[in-house]
Amino acid sequence: MTEDNQVMPKELVYVSDDIVNVGIGVVIDVQNIYKYFGALKVLNGISCAIKKGEKVAIIGPSGSGKSTLLRCMNLLEEPTYGEVWLDDSIITPVDPYLHKNILITSNTYKKRMLEEIKTKLNKGEKDKLDYESAIKSVNSVTLEELSDKVIQQIKREDMLKKREGLKFNKAVKAYRVRYGVNINKARQRVGMVFQHFNLFNNLTILQNMILSPVGLKLKTKEEATQKALKLLERIGLLDKKDEYPSKLSGGQKQRVAIARALVMDPEVMLFDEPTSALDPEMVGEVLSLIKDLANEGMTMVIVTHEMGFAKEVANRVLFLDGGNIVEENTPEELFNNPQNERLKDFLSKVL
């Protein structure tokens, strides 16, 4: 909802209001996400579902919206429109454009419906006609046709205002109460690994790893420490537990960042170009760790420029361009038999 009446780039689609439209086995469901930064439109109506155990690679040119999409998946960026669901809980604000049962409670809908119905009536019938009496004055077929027309106009022209009346507010609140979840609790289930490690330089490696689980009271200090030490041993950095990040190489820092996320026992791992800030000789050690996690069945979404890695690890690849999913397929089909001309051009330059 905006005040400057931005035109929506394309029509939105409904999700179910009474039965949550999240498929069986889907962990993260992205439903018609748009993301604007001022006049810059970064994502343009993206929908995708991440199933339990899937390894999904997101590829595409710089500026195509890959990292923004990933950050929307755990609400580090709030979508301008659309919704993100974690299992059967919504983690974003409710988007009324996606819910007919909410949209038709808005004052804008009622006003536009009244205007449309009046065009169907004789002059004498229009006088002092209010919304409730207006909808009773036309047959059900006409009413449905007019309703569809009005809804599409409201969506297309982004006509909803910040204040749409008490009934509208109650409808949005009721949906949020029914399906909403505390975002901090939701984030505990989704681990995130960034391009630039994001370790705290004033804390030791072990302190970095136990900070979140202890601070959020997910684990006692003893439990978190035990888990962290096991993970450091696994990645071959147990001897670095009392060192500060400045003493580690880039590859070591990124392995610690991955291990830090794993201390939280996440159900899903999101990787945002985890090797892009590394020297070439350090890339292999990080990719090897991610491959191990993939082989263990961890659900993953990986934004990457490493095409060979995407081929080897992913079981589905999304190609983004201009804020849209232009093509998606298995690695074998997408890399060996691309259908879209833009994808063909992109692969010709990176393979």
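Within each chain, residue numbers correspond to sequence positions counted from 1 in written order. Two thresholds apply to this predicted model, a pLDDT of at least 70 for residue-level local features and 80 or more for giving and counting side-chain atom pairs, whereas whole-chain, interface and lining totals are computed over all residues. To obtain the side-chain values, all non-hydrogen atoms of the structure were included, while hydrogens and water were left out.

### Considerations on the packing of helix α3 (residues 107–118) against helix α6 (residues 140–156)
Okay, so step 1: Angles shown run from 0 to 180 degrees and are taken between the N-to-C directions of axes, each axis being a line fitted to C-alpha atoms and, for helices, limited to the stretch in contact. Numbering goes from the N terminus for both helices and strands, where a helix is a DSSP run of H or I of at least four residues and a strand is a run of E of at least two. Packing of α3 against α6 brings their axes to within 10 Å, and their N-to-C directions diverge by 130°. Here α6 runs oblique to α3, going by the angle between their axes. For the pair α3 and α6, the crossing hand works out as right-handed. Every residue of α6 that contacts α3 at T108, Y109, R112, M113, E116 and I117 is listed here: L143, L146, S147, K149, V150, I151, Q153 and I154.
Okay, so step 2: Throughout, the ten residues Ala, Val, Leu, Ile, Met, Phe, Trp, Tyr, Cys and Pro are labelled nonpolar, Asp, Glu, Lys and Arg are labelled charged, and all others, Gly among them, are labelled polar. A breakdown of the residues in the contact of α3 with α6 according to their chemical character gives eight nonpolar, three polar and three charged. To sort the angles, those under 35 degrees are grouped as roughly parallel, those over 145 as roughly antiparallel, those from 65 to 115 as roughly perpendicular, and the leftovers as oblique. Two helices that cross are described as forming a left-handed crossing if the nearer one is turned anticlockwise from the farther one by less than a right angle, and a right-handed crossing if clockwise. In what follows, a contact means two residues having at least one pair of non-hydrogen atoms within 4.5 Å.

### Regarding the sheet that holds strand β10 (residues 324–329)
Okay, so step 1: Judged by pairing direction, the sheet is mixed, and its six strands sit side by side in the order β6-β7-β8-β3-β9-β10 without closing on themselves. Where the open sheet ends on each side, the last strands, each with one partner, are β6 (190–193) and β10. Each neighbouring strand pair of the sheet contributes to a mean axis angle of 15°, computed without reference to strand direction.
Okay, so step 2: Here, any two strands with at least 2 DSSP bridges between them count as paired. Here strand β7 (residues 268–272) pairs with strand β8 (residues 299–303) via five bridges, running parallel.

### Comments concerning the side chain of E327
Okay, so step 1: Examined against the element boundaries, E327 turns out to sit in strand β10.
Okay, so step 2: No salt bridge is formed by the buried E327, whose closest oppositely charged neighbour, K344, lies at an N-O distance of 7.9 Å.
Okay, so step 3: Residues contacting E327, with those up to four places away along its chain left out, are V317, L318, F319, L334, N337, P338, Q339, N340 and L343. Each residue is assigned to one of three classes by its accessible area relative to the maximum for its type, calculated with a 1.4 Å probe on protein chains only: buried under 20%, partly exposed between the two thresholds, exposed over 50%. Within this scheme the basic residues Lys and Arg register as positive and the acidic residues Asp and Glu register as negative, but His and the chain ends are omitted. Take a side-chain nitrogen of Lys or Arg and a carboxyl oxygen of Asp or Glu: if they are within 4 Å of each other, that pair is a salt bridge.

### Remarks on the sheet that holds strand β1 (residues 26–37)
Okay, so step 1: With respect to topology, four strands assemble into an open sheet ordered β2-β1-β4-β5, the strand pairing being antiparallel. In this open sheet, the two edge strands, each paired with only one partner strand, are β2 (40–51) and β5 (89–90).
Okay, so step 2: Bridging between strand β4 (residues 81–86) and β5 involves two bridges; their strand directions are antiparallel. What sits directly across from L86, in β5, is S89.

### Section: the state of the cysteines
Okay, so step 1: Any two cysteine sulfur atoms within 2.5 Å of one another count as a disulfide. Taken as a whole, this structure holds zero disulfides when the rule is applied.
Okay, so step 2: In this structure C48 is a free cysteine whose sulfur lies 10 Å from that of C72, the closest cysteine sulfur available.
Okay, so step 3: Residue class for C72 comes out buried when judged on its relative accessible area of 1%.

### Overview of the packing of aromatic side chains
Okay, so step 1: The rule is short: rings of Phe, Tyr and Trp, with Trp giving its six-membered ring, pair when the centres are within 6.5 Å, and they are stacked under 30 degrees, edge-to-face over 60, tilted in between. For the coordinates displayed, the defined rule picks out eight aromatic pairs.
Okay, so step 2: These aromatic residues form a ring-pair network of at least three members: Y34, Y36, Y81 and Y97.
Okay, so step 3: Directly above the aromatic system of F37 lies the positively charged group of K35, at a separation of 5.0 Å from the ring centroid. Think of it as a cone above the ring: NZ of Lys or CZ of Arg counts as a charge over the ring if it is within 6 Å of the ring centre and within 35 degrees of the ring normal.

### With respect to unusual backbone geometry
Okay, so step 1: One non-glycine residue, N198, lies in the positive phi region at around 55°.
Okay, so step 2: Tracing the chain through its elements places N198 in the loop between β6 and α9 (205–215).
Okay, so step 3: Here N198 falls in the partly exposed class, since its relative accessible area comes to 40%.
Okay, so step 4: Despite not being glycine, D265 shows a phi value in the positive range, around 55°.
Okay, so step 5: On the secondary structure map, D265 appears in the loop between α11 (250–262) and β7.
Okay, so step 6: Residue class for D265 comes out partly exposed when judged on its relative accessible area of 41%.

### A look at the environment of I46
Okay, so step 1: Relative to the helices and strands, I46 resides in strand β2.
Okay, so step 2: For I46, a relative accessible area of 2% puts it in the buried group.
Okay, so step 3: Along the primary structure I46 and I325 are separated by 279 residues, whereas in three dimensions their C-alpha atoms are 6.6 Å apart.
Okay, so step 4: Apart from residues no more than four positions distant in its own chain, I46 is found in contact with V30, Q31, N32, I33, L69, L320, G323, N324 and I325.

### Section: the nonpolar core
Okay, so step 1: Counting residues in each nonpolar core, the largest one holds 37 residues, and the members touching the most others are M209, V256, I258, M269, F271, I290 and M300.
Okay, so step 2: At the level of elements, α9, α10 (221–234), α11, β7, α12 (280–295), β8 and α13 (307–313) are the ones that each hand at least two residues to this core.
Okay, so step 3: Once residues lying within four places of it in the same chain are set aside, the contact partners of F271 are L70, V193, I258, I290, L293, M300, V301, I302 and V303. In this description, a nonpolar core means a group of buried Ala, Val, Leu, Ile, Met, Phe, Trp, Tyr and Cys residues linked to one another through side-chain atoms lying within 4.5 Å.

### Quick look at the environment of Y36
Okay, so step 1: On the secondary structure map, Y36 appears in strand β1.
Okay, so step 2: A sequence separation of 44 residues divides Y36 from T80, and the C-alpha atoms of the two residues are 6.1 Å apart.

### Regarding the pairing of β10
Okay, so step 1: Pairing analysis gives five bridges linking strand β9 (residues 316–321) to β10, with the strands arranged antiparallel. Its bridge partner being in β10, L320 is matched across the sheet by I325.
Okay, so step 2: Between β9 and β10, which pair antiparallel in sequence order, lie two residues; one of them, G322, sits at a positive phi of approximately 65°.

### Regarding the environment of F309
Okay, so step 1: Among the secondary structure elements, F309 is positioned in helix α13.
Okay, so step 2: Linking F309 and I102, residues 207 residues apart in sequence, is a C-alpha distance of 44 Å.
Okay, so step 3: Ignoring any residue separated from it by four or fewer positions in sequence, one finds F309 in contact with L287, I290, K291, I302, T304 and A314.

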